[in-house]
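Spelled out, the chains give:
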Amino acid sequence: MKTIKIEGIEKRLSVLVQGSDYFRPSNYDKVCEVLDRYFSIGGNTIDTAHVYCGGESEVAIGQWMKERGNREDVIILTKGAHHDESGPRVNPEAITKDLFESLDRLGTDYVDLYALHRDDLSVPVSEIVDVLNEHIEAGRIKAIGGSNWTVQRIQEANEYAQSNGLIGFTFSSPNLSLAKPNEPFWSGCVSAEAEDCKWHERNQIPILSWSSQARGFFTGRFSPEDRSNEDLVRVFYSDANWERLRRAEELAAEKGVTAIQIALAYVLNQPFPTAALIGAQNETELNSCLEGSKIKLTNDEVRWLENGDVI
């Protein structure tokens, strides 16, 4: 499997990152089946978060790593400082609390990639970067990033870090997909727009994209008339996205692949490093993602898929 480099960690990251927002000890057999197969095809990175399944996702991953004895072979991306019913929690106390709880659940003394699940614009980046660097210095975190952070805030954080001899954000994890959202999935979520992608191209900071395949929009199971999935209708139903689906189907037919594989290839063929967080739950879905990750698209094909510009 193809890989990308993220500054701060030695191992290269596989371009397919296995999601775990359905992992629980109660479905541990499925967790093992998915993770064993994912690693057998060359994957090496698991995406999780402090809030996934009320913390059970991290517990299940920790159990799997302990049983397999493979912690040093696994790149763990976990996220913290998600808001709760009281509001935003992006502050040094919440970050530290969530990190220690995640480490305990995972059964490890460090995480490779640590991302802040949300942002809080009222908190100065200096406070956030300072506390994250304390954990880096202590060996608890290898590299830091933002999930659902704007490029403007990442830039601000990195300028502060550079001015103060600290380590800045070396990756970002917003939504990036061929289908462009009409509105955020959930409050505080960020999707990479055209100008954001230009910033990533200039800075060559990797994107680890969540909902990289637009929650199944490109599977062919949906149509403008089918409005049964309220979230999909709200976020992705638009004339422009139906045209993107049509173009993906056209290019897929030319290449002998599927439209959803073309949508994945779109994410992985950007002019800056990218990886795709995938929600594969069985061998068929994993194999589809693997084949999609191998598709090479030209810059012209990427632009045509996105905007309909002539190839």
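Scroll up to find the structure.
Residues numbered from 1 in each chain as written. Predicted model: local features only at pLDDT ≥ 70, side-chain atom pairs only at ≥ 80, totals over all residues. Heavy atoms only, no water.

Asker: It is not clear to me how helix α2 (residues 56–68) should be interpreted in this structure. Could you clarify?
Answerer: Side chains three or four residues apart in an α-helix point the same way, a direct result of the helix having 3.6 residues per turn. The end-to-end C-alpha distance of α2 is 18 Å, a good match for the 18 Å that 13 residues give at a rise of 1.5 Å each. Of the residues making up α2, those classed as buried are S57, E58, A60, I61, G62, W64 and M65. (Helix = DSSP H or I, 4+ residues; strand = E, 2+ residues; numbered from the N terminus. Expected span 1.5 Å × (residues − 1). Buried < 20%, exposed > 50% of the residue type's maximum accessible area, 1.4 Å probe, protein only.)

Asker: Mind showing me how you'd approach the nonpolar core here?
Answerer: Proteins that are soluble and globular tend to have nonpolar side chains buried together. Grouped together as the largest cluster of nonpolar side chains are 62 residues, with contacts concentrated most on L13, L113, L208, F217, F218 and L305. Listed in part, the 40 residues of the second largest apolar core include C32, A60, V131 and A157. (Core = buried A, V, L, I, M, F, W, Y, C linked by side-chain atoms within 4.5 Å.)

Asker: Is there a simple way to think about the pattern of salt bridges in this case?
Answerer: A side chain of one charge can pair with a side chain of the opposite charge when the charged atoms of the two come close. Applying the stated criterion to the full structure yields 22 salt bridges. R246 is the partner of E250 in a salt bridge, and the nearest nitrogen-oxygen pair spans 3.1 Å. With a gap of four residues between them, E250 and R246 both fall in helix α8 (residues 239–255), about one helical turn apart. You can call E250 partly exposed: its relative accessible area is 35%. (Salt bridge = Lys/Arg side-chain N within 4 Å of Asp/Glu carboxyl O.)

Asker: Can you walk me through the pairing of strand β5 (residues 75–80) in this structure?
Answerer: Each regular strand shows side chains that alternate between the opposite faces of the sheet. Where burial is concerned, most of β5 is hidden: six out of the six residues are buried. The pairing of strand β4 (residues 45–47) with β5 spans three bridges and is classified as parallel. Residue pairing across strands places D47 opposite L77, the latter belonging to β5. For the segment spanning β4, α2 and β5, crossover handedness is right-handed. In terms of strand pairing, β5 meets strand β6 (residues 111–116) through four bridges, oriented parallel. Looking across to β6, one finds that L77 is bridged to L113. In this region the chain leaves β5, passes through helix α3 (residues 92–106) and returns to the parallel neighbour β6; the handedness of that crossover is right-handed. (Pairing = 2+ DSSP bridges. Right-handed = clockwise from strand over helix to strand, strands pointing away.)

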